[in-house]
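Spelled out from the first residue to the last, the chains are:
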Amino acid sequence: MLWLRRLVGIALFVAVLVLGWTFANRNAAPVQIDYLIGTLDEPGWVIVLLAVALGAIAAALVLGLQVARLALTARRYRKLVSGLEEEVHQLRNLPLAAPDGPAARGLAARSSESGGIGRSG
């Protein structure tokens, strides 16, 4: 199976090279572009390659900014969740029964007289 994957990869690489060579040969005529700073007199395939490269760079910048924004948002939420988990852990460790003391003994005496806490006698 690995040899098949390598064979397909090599075939795709050769196909891209052949298509690129064919595109460069068909678009070898020089193209003159006037822009603000000066002029550019290059073959057509170079102009297309520059346009694609500039578009890819612009898209990578926009994508990079979005990824950075989402990473910062995820970090903020992870910190928030961590704080909430610590709070839940602290709440779980709180004692459920009241400590033994005069108030606790008085509550126990009253609850046994009335038949339990919450029952009205």
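Residues numbered from 1 in each chain as written. Predicted model: local features only at pLDDT ≥ 70, side-chain atom pairs only at ≥ 80, totals over all residues. Heavy atoms only, no water.

K.L.:
Can you walk me through the overall build of the protein in this structure?
P.N.:
When its secondary structure is counted, the protein shows three helices and two strands. Taken from N to C terminus, the helices and strands of the protein fall in the order α-β-β-α-α. For the protein, the residues scored as buried account for 5% of the 121 residues in total. Accessible area for the protein stands at about 11000 Å²; split by element, carbon and sulfur atoms hold 69% of it. (Helix = DSSP H or I, 4+ residues; strand = E, 2+ residues; numbered from the N terminus. Buried < 20%, exposed > 50% of the residue type's maximum accessible area, 1.4 Å probe, protein only. Areas by Shrake-Rupley, 256 points an atom, 1.4 Å probe, with all protein chains shown as cover.)

K.L.:
Could you clarify how one ought to interpret the packing of aromatic side chains in this entry?
P.N.:
The description of two aromatic rings rests on the distance between their centres and on the angle between their planes. Inspection of the entire model under this criterion finds zero aromatic pairs. It is Arg76 that lies over the ring of Tyr77; its NZ or CZ is 5.2 Å from the centre. (Phe/Tyr/Trp six-rings, centres within 6.5 Å; stacked < 30°, edge-to-face > 60°. Lys NZ or Arg CZ within 6 Å of the ring centre and 35° of its normal.)

K.L.:
Looking at this structure, how should I read the environment of Leu49?
P.N.:
With respect to the helices, strands and loops of the structure, Leu49 is situated in helix 2 (residues 44-92). Residue class for Leu49 comes out exposed when judged on its relative accessible area of 52%. Separated by 25 residues in the primary sequence, Leu49 and Ala24 have C-alpha atoms spaced 9.9 Å apart.

K.L.:
Where do I start with the confidence of the model for the protein in this structure?
P.N.:
Interpretation of the predicted coordinates at a detailed level should be avoided for regions scoring low in pLDDT. Mean pLDDT over the protein stands at 86; residues scoring 70 or higher make up 80%. Within the protein, no element has a lower average pLDDT than helix 3 (residues 102-114), which sits at 58, and none a higher one than helix 2, at 95. (pLDDT = per-residue confidence, 0-100.)

K.L.:
I tried to follow a nonpolar patch on the surface on my own but got confused; where do I start?
P.N.:
On the surface, a nonpolar cluster with roughly 700 Å² of combined accessible area is contributed by Met1, Trp3, Leu4, Leu7, Val8 and Leu12. With respect to the helices and strands, the residue Leu12 is situated in helix 1 (residues 2-26). Classification of Leu12 as exposed rests on a relative accessible area of 54%. (Patch = residues over 30% accessible without salt bridge, like charges linked within 9 Å, V, L, I, M, F, W, Y side chains within 5 Å. Salt bridge = Lys/Arg side-chain N within 4 Å of Asp/Glu carboxyl O.)

K.L.:
Looking at this structure, how should I read the pairing of strand 2 (residues 39-43)?
P.N.:
Taken residue by residue, a regular strand's side chains alternate between the two faces of the sheet. In the sheet, strand 1 (residues 30-34) pairs with strand 2 via five bridges, with the strands oriented antiparallel. Residue pairing in the sheet places Ile33 in a bridge with Leu40 of strand 2. Between the antiparallel neighbours strand 1 and strand 2 lie four residues. (Pairing = 2+ DSSP bridges.)

K.L.:
For this particular structure, what's the right way to read helix 1?
P.N.:
Note on helix geometry: an α-helix contains 3.6 residues per turn, so any two residues three or four positions apart are oriented the same way. Compared with an ideal rise of 1.5 Å per residue, which puts 25 residues at 36 Å, helix 1 spans 36 Å between its outermost C-alpha atoms and is within 8% of the ideal. Burial runs low along helix 1: only one of the 25 residues are buried. (Expected span 1.5 Å × (residues − 1).)

K.L.:
Hey, could you run me through helix 2 in this one?
P.N.:
Taking 1.5 Å of rise per residue, 49 residues should cover 72 Å, and helix 2 covers 71 Å from first to last C-alpha, within 8% of that figure. Of all the residues in helix 2, the buried ones are Gly44, Val46 and Ile47. In this fold, the buried residues of helix 2 make contact with strand 1 and strand 2. (Contact = heavy atoms within 4.5 Å.)

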